[in-house]
Amino acid sequence: MRRIDELESLRGLMALWVLVGHAIHLLPISESGNLAIRLLKMNGLAVDVFIILSGFVIFYLLESANERYWPFIVRRFLRLYPYYLLCLVVSILMTQGNLDILQSIPWTTERIAVAQTIILTSLDNFWPNIASHIVLLQGAVPPSLIPYGEYAFLGQAWSISLEW
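Residues numbered from 1 in each chain as written. Predicted model: local features only at pLDDT ≥ 70, side-chain atom pairs only at ≥ 80, totals over all residues. Heavy atoms only, no water.

### Digging into unusual backbone geometry
At Y148, a position not held by glycine, the phi torsion is positive, near 55°. By secondary structure assignment, the location of Y148 is in the loop between helix 6 (126-134) and helix 7 (158-163). Of note, F153 is a non-glycine position whose phi angle comes to about 60°, a positive value. With respect to the element layout, F153 can be found in the loop between helix 6 and helix 7. (Helix = DSSP H or I, 4+ residues; strand = E, 2+ residues; numbered from the N terminus.)

### A closer look at the pattern of salt bridges
Counted under the stated rule, the structure contains one salt bridge. In this structure, the salt-bridge partner of R11 is E8, at a minimum N-O distance of 3.9 Å. Taken together, the residues R11 and E8, both in helix 1 (residues 5-25) and three residues apart, mark about one turn of the helix. Residue R11 is classed as partly exposed on the basis of its relative accessible area of 24%. E8 sits in the partly exposed class, given a relative accessible area of 30%. (Salt bridge = Lys/Arg side-chain N within 4 Å of Asp/Glu carboxyl O. Buried < 20%, exposed > 50% of the residue type's maximum accessible area, 1.4 Å probe, protein only.)

### Some thoughts on the layout of surface pockets
Space inside the largest pocket adds up to approximately 1900 Å³. In terms of lining, the largest pocket is formed by 49 residues, of which the most central are H22, G155, Q156, A157 and W158. Listed by contribution, the elements that provide at least two residues to the lining of the largest pocket are helix 1, helix 3 (44-64), helix 4 (69-104), helix 5 (110-124) and helix 7. Among the elements that make up the lining of the largest pocket, the one with the highest residue count is helix 4 (13 residues). Taken together, the residues that form the lining of the largest pocket break down as 32 nonpolar, twelve polar and five charged. (1 Å grid on protein atoms, 1.4 Å probe; cavity = no way out; pocket = protein on both sides within 12 Å on 5 of 7 lines; lining within 4 Å. Points joined across faces, edges and corners; volume = space filled by probe spheres on them. Nonpolar A, V, L, I, M, F, W, Y, C, P; charged D, E, K, R; others polar.)

So yeah, pure geometry; function would need other evidence.
Pasting the structure below:
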């Protein structure tokens, strides 16, 4: 299968936009009315593009390799799931330290307050969050059952349940 360099470059730019946007949300400049800051904070658009690109790449892989869906998805699961579990365990072990760091920052932003709420809620709903993460359904559980469950412990993993 031929790699499409232009799409790989776009994915890289979107990943950078997400990273910079997340950092800005945690800084006092996030409250600035500056146009560049406001655009960088709109990093959800980059996530949308990333998801669209991922769907295209998966389809392209299946089509160009003339591969059936189930062998592909099983192989993908077996390749990614062990790393996902490792990241989940490490993130759970870091949860209290992350909360301590957020609480020690000498300023606050809306995103810092939300992050603290997510961590505290994650701990309050520890076992339901663990169960939903293990079966990769953390983003599919309604917030009325597990508040902030899609972001618990490993916030970036919400997209995994979306993909599955």
